[in-house]
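Structure assessment
The residues making up each chain are set out below.
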Amino acid sequence: MLNIRDLRLNSAAPSLCTPVTGLEMSWKLDSNNSGVLQTAYTASIVKAGCDTPVWTGKGTTKSIHIPVDTTLESRTDYTLTVTVTDNHGDTAEATLDFGTAILPDEWEGKWIKPKKLMMGWAPYLRQKFFVTGVVVKARLYVSGLGCGEYYINNQKISEDLIDPPMTNYEREVFYRAYDVTEFIKEGKNAFAALLGEGFYAQSRVWSHVGFYYGDACLMAQLELTFADGTKTVHATDTDGNWTYKYSPIVLNNIYGGETYDTRLETPDFADPDGDEDGWCGVVEDTTPKGVLTPCLMPPVRIFKELPAVSVTNCSGKDDGAWIIDFGENIAGFVEVRLPRAARGSQVTLRFAENLGSDGHLDLRSAGSFATQVVQQDVYISRGDEQGETWRPRFTYHAFRYMEITGYFDLRAYGTNPETQMFTAYAISTDLKQTGSFTSSSEDMNRLQDIMMNTFRTNYHGFPEDCPGREKCGWLGDAQVVCNTGMMNYDTEASYEKYLNDIRTTNEVYGVWQMISPGKRGCGEASPLWGCAQVIIPYWMYRYYGNETVVRKNWDMMEKWVQHEINDAKNDKSLYADELIISRGLGDWCPPIGHEHERRMPVPESSTAMFYEIMIRMSELSKALDLPASIDYDDWAARIKEAFNRHFWIPEKHRYATWGTCGVALMTDLYPDGEKEALIEALLTLMEEDDYAMSTGIYCNKYLVPALCEAGQGDIAMKFLFNRDHDSFGTMMDKGATSLWECPEHDFSQPREVGSSSYNHPMHSGFAYFLYAYVGGIIPVTPGFRVFAVAPVPFKDMKEAEIIHECPYGKIRVALKPEGDATRYEITVPAGTTCCFVPTGKTLGSGEHVILA
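Please read all numbers here as calculations on a predicted model, not as lab measurements.

Points about the sheet that holds strand E2 (residues 23-31)
- As summarised here, the arrangement of the three strands in space is E1-E2-E5, forming an open sheet in which the pairing is antiparallel. Looking at which strands have only one partner, the edges of the open sheet turn out to be strand E1 (2-9) and strand E5 (66-68). Going from strand to strand, the sheet's axes swing by 35 degrees on average, the running direction of each strand aside.

Structural data, given as structure tokens:
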């Protein structure tokens, strides 16, 4: 039996703001037959309420990123139907209902905001309206800046958090579309928005007014369709239909936290019969903004719930301050359930990733030295006899530990807080998990869990460096971890958004910045950071088969290459070579520090990336027949010659550092004919260094796979988990539950005022090797339509199960010893073929068991 699943448009989940043009459709096939290949498909799009298709298409074997060459009507519902036939003669059909976007010139309203600004105070904005007749469809298009919650008739319409995602607001502002039919009733209705600062109106961090774009404001358009076919529109305006009132959230900041005063609550703020007392007229917000654009990436949602593990009195005495341990370092917030408290009593919650030696919060790693704020939430009690429950709305913290002060249980004098009073919620962009890994190595299993927790807790509308101190989209961090991200999660729509952030940042600043999006920028991008412009689209093409993302960004990719050519020409270093780039940050955060002689020198890392972007661009231009402004092969050859002329040590058959050797092996940068000698020399060097890790976020991404390809995977494990020197093994032994910015942290030593973060995904760049080498899953053709399984043997991972949901379906490789051989269980998804390298056998779709 043949089945179609995961039918989608434009790499996104079903949406009510699908673009009207530039569409692509994709689907996956499941079948209980073996050797299944798609032989034909037909597709059609039908407008809701009609029978005649507005578009039809047909084809043969292609099932991902198929262009839909039509332009649809805006603000209209459609159904996509796809029918597929396979080589067994089976047929399957699937449908996808979707709605189209509102176009920029179709917004009937205007941006509105409170007339009187109260910095940091979250306002309600409300419209009451009357409905006559039966509403058969109600569609809300809305953008609340910085972020919003939306209510109709006292009901919240979604569970989205910190939404819409951050953009370069001067160029682009996101909106969402919601089906709100169930919330609308005949007669009196009320629509209300509660607006937080988010990143748009962030007013406290990085400068005396924060990185502030403008005041919290709202654009909304509610369209009602009646049973008789007529329509009405309720849009934001300044004609007296909309009013505002400040909420109990008297202070909110995405970095600093939230203060909630129950004494200022307006329970009927979204009630059609709500009191008008204290509500005032809104005004138009005239701050210039970018184009309102439909948001196709997933929203931020809760993805993990953590009950409190323990409650400890801070000083060991009854001092009214307690530390709550949630057992894991996350990004999110805490919900507190307080027994009866006196009305107006204040409970203060402060958050940190670590404790000091005195048992109190160590606030440094969350960045108070940089942000000048402490992660703090304040709740002023209502005084309910049955107790009260509260959580913040417009902030998220980096924490494992929470301090609570001001708590007193009026039911029993001197009562300590109990663990069941506190629940932590980890939040992240709602990325679908597409990969999993388990093995017989406890170290590797634990590190994989840590890396995945870190990746998720650092994605909140864009890939962050850390969720506490900075909350910034550093390009270098993003490009280093993109392979790991794509093998473990469906990041396609999210990375497409991030690439547009990079583009609009360039438009705002006139040059690539170290950070996108936002105002922080941090200066002109250096080679290992700005290369995200090339590296992320390249791997999206390889892993997702996404040609469109390359074509869409090709102009920027070529401009980045020219930027690097100019970098080399203008380089004033001692090399005096127009093919060497000496500027940059280089291999970041190796445990030996940035000044150590064993760290890969910056000129070598910057020039190696200069070479890599040339070979990636060459591959893409040939594969996709894209215009090349320069001869990429010629440039790559000349950079390679210059690199080896300056950095190769002929008598040692290697470079000076592990990192350079690893990068060269993975990109074929070494001198011709020297590969085997280089591998032998690298292994000798690592042994001489006692396998003490000298590599950081960039070099580990290349060194670990290079060792695996050389059949030396156990050496990779040896330095990654070396207990005699700083490593991921010692980091875990010190209690890490997320990746540390600096794995060498030593808690027994005094630290400087500023402390690095305990939640940095940048160190997980190498983790894709679990799929590519332990499982051996490598795309032979883009998107894994043809893939290889070539597992590398590991002494400590003789048993493993690796699953990756590729664009065609689930690939599974499980292995374990059986006698003198290894038993392999391999799942090949329908529509693909697999080359099992140990035997050279080609496998069709289905389940396979092989002894090899």
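Side note on helix H2 (residues 442-456)
- Across its 15 residues, H2 extends 21 Å between first and last C-alpha, which sits within 8% of the 21 Å expected from 1.5 Å per residue.
- Of all 15 residues in H2, eleven are buried, a share of seventy percent or more.
- Of all the positions in H2, only Met444, Asn445, Leu447, Gln448, Ile450, Met451, Met452, Asn453, Thr454, Phe455 and Arg456 are classed as buried.

A word on the nonpolar core
- Counting 180 residues, the largest nonpolar core has Met444, Leu447, Ile536, Met614, Phe719 and Phe769 as the members making the most contacts within it.
- Ignoring anything within four residues of it in the chain, the contact list for Met444 reads Phe437, Ser439, Met451, Met717, Phe721, Phe769, Leu770 and Met797.
- Residues Ile324, Ile330, Leu338 and Ala424 belong to the second largest nonpolar core, which totals 34 residues.

Some details on the packing of aromatic side chains
- This structure, assessed with the given rule, holds 45 aromatic pairs.
- Here the aromatic rings of Tyr141 and Tyr175 are separated by 6.4 Å at their centres, their planes lie at 70 degrees, and the arrangement is edge-to-face. A residue pair is termed long-range when its members are at least 10 positions apart, and Tyr141 in strand E10 (residues 135-145) and Tyr175 in strand E13 (residues 172-179) qualify at 34 residues. Neither residue differs from the other here; Tyr141 and Tyr175 are each classed as buried.
- Centroid distance Tyr543 to Phe784: 6.0 Å. Interplanar angle 20 degrees. Geometry classified as stacked. Taken as a pair, Tyr543 in helix H6 (residues 532-544) and Phe784 in the loop between strand E33 (777-779) and strand E34 (786-789) lie far apart in primary sequence, 241 residues in all. Note on accessibility: Tyr543 and Phe784 belong to one class, buried.
- Cluster of aromatic residues (ring-pair linked, three or more members): Phe199, Trp206, Phe211, Tyr255 and Phe462.

Calculation rules
Residues numbered from 1 in each chain as written. Predicted model: local features only at pLDDT ≥ 70, side-chain atom pairs only at ≥ 80, totals over all residues. Heavy atoms only, no water. Pairing = 2+ DSSP bridges. Helix = DSSP H or I, 4+ residues; strand = E, 2+ residues; numbered from the N terminus. Axes fitted to C-alpha atoms, helices over the stretch in contact; angles between N-to-C directions. Expected span 1.5 Å × (residues − 1). Buried < 20%, exposed > 50% of the residue type's maximum accessible area, 1.4 Å probe, protein only. Core = buried A, V, L, I, M, F, W, Y, C linked by side-chain atoms within 4.5 Å. Contact = heavy atoms within 4.5 Å. Phe/Tyr/Trp six-rings, centres within 6.5 Å; stacked < 30°, edge-to-face > 60°.

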